[in-house]
Amino acid sequence: MIELPEAIVLARQCNETLQGKVVEQVSVNSKPHKLAWFVDEGKNYQQLLQGKSFSYSVNFAGYLCLYFEDVQVIFQDGVNIRYLDSCPDHNQHQLLISFTDQSCLMATVAMYGGLYVTKKDIVPTTFMKASLDSMDCVSPLFTYEYFMSKATDKLSLKAFLATEQRFPGIGNGVIQDVLFKVGLHPKLKIRDCSEDQLRKLYEKLASTLREMVALGGRNNEKDLFGIPGGYEVLMTSSQLKNPCKNCSGSIVKENYMGGSIYFCPRCQPLKTID
Ligand SMILES: [Zn+2]
């Protein structure tokens, strides 16, 4: 899944790579995917984009947005985006934007994902609107006071950080590492955390995201050229076989809130000892 660090890296790479490119052709859902979402089934994508030049790319939280003059292309969630010097000789993609110099952008959807092409300044989903109204965790304006304004006593830390778009672009992938680094259990309730712990959580969230961006994203996601990021993810399924980097104990996997959580029971105790 694209999360905030990968969206920032992809936007930067698009700006460096797509200057001067002009759209020649657009292929939509060549390999039909039930959970690939389009605007109006992508009927107008070719008409909207053909002949348009790349202007610039930005990220809004975890969304990658590419502007082609007065048209925008928005990728969301589980879309893999690749730049290729020449068009692929297969149809295994959900969106292919080819340019007049024969290079192209190929987008494929893993589990689910949005691929929206509209006129600029249209917000294609309510989910995206919620993201636009919130602040990025890497913004200089992302303060501890803002962070805590989203907190409610009874929320667990996973619910606080990864649900309801409180912190857009932040998902399970990012928060598990952050919680491990500060020694807090994903199920720990905010009311059971000290102010010191919450401050450390806030600081580590922002610093971990910056580290992920600086290293080109996480190593379990790929960039515009198919190269994994340089940030080594600590808490993920592939790390289950390895001991905890702090205490050499075992990492535990549990199901929680419709997804998996990974934690070290010793370094991230559920009960805090005063
Ligand atoms: Zn440990």
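Residues numbered from 1 in each chain as written. Predicted model: local features only at pLDDT ≥ 70, side-chain atom pairs only at ≥ 80, totals over all residues.

A.B. asks: Just checking my understanding: could you explain the overall build of the protein chain for this structure?
C.D. replies: Scanning the protein chain from N- to C-terminus turns up 7 helices and 9 strands. Considered along the principal axes of its C-alpha atoms, the protein chain spans approximately 65 × 40 × 30 Å. Evaluated residue by residue, the protein chain yields a buried proportion of 40% over its 274 residues. For the protein chain, restricting intrachain contacts to residue pairs at least 6 apart in sequence, the fraction spanning at least 24 positions comes to 62%. (Helix = DSSP H or I, 4+ residues; strand = E, 2+ residues; numbered from the N terminus. Buried ≥ 20, exposed ≤ 12 C-beta atoms within 10 Å, placed from the backbone. Contact = placed C-beta atoms within 7 Å.)

A.B. asks: What is the right way to look at the nonpolar core in this model?
C.D. replies: Soluble globular proteins: nonpolar side chains tend toward being buried together. Residues Leu49, Tyr63 and Leu64 are the most contacted members of the largest nonpolar core, which totals 74 residues. Of the domains in this structure, domain 1 (4-131) and domain 2 (135-263) are the two that each give at least three residues to this core. Here Leu64 is in contact with Ile2, Ala7, Leu10, Ala11, Ser57, Asn59, Phe75 and Ile81, once residues within four sequence places are set aside. (Core = buried A, V, L, I, M, F, W, Y, C linked by C-beta atoms within 7 Å. Domains from an automatic or database assignment.)

A.B. asks: Would you mind showing me how to read the packing of helix H6 (residues 172-182) against helix H7 (residues 195-214) here?
C.D. replies: Each pair of packed helices can be described by the angle between their axes along with the distance between the axes. Two numbers describe how H6 lies on H7: the axes approach to 9 Å, and their chain directions differ by 130°. It follows from the interaxial angle that H6 and H7 lie oblique. Here H6 and H7 pass one another in a crossing that is right-handed. Between H6, through Val174, Asp177, Val178, Lys181 and Val182, and H7, the contact on the second element is made entirely by Gln197, Lys200, Leu201, Lys204, Leu205, Thr208 and Leu209. Residue composition of the contact of H6 with H7, grouped by class: 6 nonpolar, 2 polar and 4 charged. (Axes fitted to C-alpha atoms, helices over the stretch in contact; angles between N-to-C directions. Parallel < 35°, antiparallel > 145°, perpendicular 65-115°, else oblique. Left-handed = near helix turned anticlockwise from the far one by under 90°. Nonpolar A, V, L, I, M, F, W, Y, C, P; charged D, E, K, R; others polar.)

A.B. asks: Even after reading the chapter, I still don't get the domain arrangement of the protein chain, so can you show me in this structure?
C.D. replies: A common measure of how large an interface is: the accessible area buried when the components associate. Taken domain by domain, the protein chain comprises domain 1 (4-131) and domain 2 (135-263). Here the C-alpha centre of domain 2 lies 28 Å away from the C-alpha centre of domain 1. With 18 residues of domain 1 at the interface, the matching set in domain 2 holds 19 residues. Taken together, the elements giving at least two residues each to the side of domain 1 that touches domain 2 come down to helix H1 (4-17), strand E5 (71-84) and helix H3 (126-133). When its residues are assigned to classes, the side of domain 1 that touches domain 2 shows 11 nonpolar, 5 polar and 2 charged.

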